[in-house]
Amino acid sequence: LEVKRTPWRNSFELERVGFQLCSVCDDDSLGSELQDIEEALTTCQIWKARNNQRLPHAIDTSYSLALAFYNDYTGQSSKEDVRVTLAMAILRGINGLADILQNVRREAYSVMLLCDQMGIPSWLVE
C-alpha cells in the first residue's frame, strides 16, 4: 500500500477550502464570508509552502481566481491588475485542462480542438 502525501491534512480540510474558494463567486454573500475566503486563501498559501510552491491544477486555478476576486472586492489591487490576474488564471486553467487531455493522446492536438471537445467556447480559448 503506497501512501500519497498531500499538503492538506485530510479530505475534510480540502473540501472546506474548496467550498470557501467557490463562495467568492457569490456577490451577495462575499462580504459576509470574507473571513472564510481569507482563511481559504491563507490555507492555500500554506499548502504551497508545504509542497514546493506547487498545487494540483484545479486547486491552483481556483486559488488564483478567488484571489483576484478577493483583491477586487477589498480594493487591494487596481482594476487593471485584477483583469490581468483573472486573464492569466483563466488561461492557465484552460491550458492545464488541455494538457490533461493531451497527455492521454498519442498525437498532438491544438488547445482549441481539445477545448472544443470539452465544450469550452472558442472565444475563451483565443
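Provided above is the structure to which this section pertains.
Residues numbered from 1 in each chain as written. Predicted model: local features only at pLDDT ≥ 70, side-chain atom pairs only at ≥ 80, totals over all residues. Heavy atoms only, no water.

Novice: Would you explain helix α2 (residues 34–50) in this entry?
Specialist: A turn of α-helix holds 3.6 residues, and therefore any two residues three or four places apart point the same way. For α2, built from 17 residues, the straight-helix expectation of 24 Å at 1.5 Å per residue is met to within 8% by its first-to-last C-alpha distance of 24 Å. Those residues of α2 that fall on the buried side of the exposure criterion are Leu-34, Ile-37, Ala-40, Leu-41, Thr-43, Cys-44, Trp-47 and Lys-48. Close packing links the buried residues of α2 with α1 (11–22) and α3 (57–74). Following α2 by one or two positions, Asn-52 adopts a phi angle in the positive range, close to 55°. (Helix = DSSP H or I, 4+ residues; strand = E, 2+ residues; numbered from the N terminus. Expected span 1.5 Å × (residues − 1). Buried < 20%, exposed > 50% of the residue type's maximum accessible area, 1.4 Å probe, protein only. Contact = heavy atoms within 4.5 Å.)

Novice: Honestly, the pattern of salt bridges in this entry has me stumped. Any pointers?
Specialist: Side chains that differ in sign of charge can pair as their charged atoms come close. Taken as a whole and judged by the stated rule, the model has five salt bridges. A salt bridge links Glu-13 to Arg-9, with the nearest nitrogen and oxygen atoms 3.2 Å apart. The salt bridge involving Lys-79 is made with Asp-72; its shortest N-O contact spans 2.7 Å. (Salt bridge = Lys/Arg side-chain N within 4 Å of Asp/Glu carboxyl O.)

Novice: Sorry if this is basic, but what is going on with the side chain of Thr-61 here?
Specialist: Structurally, Thr-61 can be placed in helix α3. Residue classification places Thr-61 among the buried positions, given a relative accessible area of 16%. Beyond its immediate chain neighbours, meaning those up to four positions away, Thr-61 contacts Ala-89 and Gly-93.

Novice: Just checking my understanding: could you explain the nonpolar core for this structure?
Specialist: Taken as a class, soluble globular proteins show a tendency for nonpolar side chains to be buried jointly. Val-17, Leu-21, Leu-41, Cys-44, Trp-47 and Ile-59 are the most contacted members of the largest nonpolar core, which has 15 residues in total. For this core, the elements supplying multiple residues, two or more each, are α1, α2 and α3. In terms of residue count, the dominant contributor to this core is α2 (six residues). When near neighbours in sequence (up to four residues on either side) are disregarded, Ile-59 contacts Trp-8, Leu-14, Cys-44 and Trp-47. (Core = buried A, V, L, I, M, F, W, Y, C linked by side-chain atoms within 4.5 Å.)

Novice: How should the environment of Thr-74 be read in this particular structure?
Specialist: Within the secondary structure, Thr-74 is located in helix α3. Once the C-alpha coordinates of Thr-74 and Leu-34 are considered, the two residues, 40 residues apart in sequence, prove to be 9.3 Å apart. Looking at Thr-74, its side chain comes within polar contact range of the main-chain oxygen of Tyr-70, at 2.9 Å. (Polar contact = N/O pair within 3.5 Å; in protein donor to acceptor, adjacent residues only side chain to side chain.)

Novice: Explanation requested: the environment of Leu-114 in the structure shown.
Specialist: Relative to the assigned elements, Leu-114 resides in helix α5 (residues 111–118). Each C-alpha atom, one on Leu-114 and one on Asp-99, is 8.9 Å from the other, the two residues being 15 residues apart in sequence. Beyond its immediate stretch of four places on either side in the chain, Leu-114 contacts Ala-98, Leu-101, Gln-102, Arg-105 and Tyr-109.

Novice: Teacher, can you tell me more about the packing of helix α4 (residues 79–103) against α5 here?
Specialist: For any two helices packed against each other, one specifies the crossing angle of their axes together with the interaxial distance. Orientation of α4 relative to α5, taken along the N-to-C sense of each, is 90°, at an axis distance of 9 Å. Relative to α5, the element α4 is oriented roughly perpendicular. Residues Ile-94, Asn-95, Leu-97, Ala-98, Leu-101 and Gln-102 of α4 pack against Val-111, Leu-114, Cys-115 and Met-118 of α5. Looking at the contact of α4 with α5 residue by residue, the classes come out as eight nonpolar, two polar and no charged. (Axes fitted to C-alpha atoms, helices over the stretch in contact; angles between N-to-C directions. Parallel < 35°, antiparallel > 145°, perpendicular 65-115°, else oblique. Nonpolar A, V, L, I, M, F, W, Y, C, P; charged D, E, K, R; others polar.)

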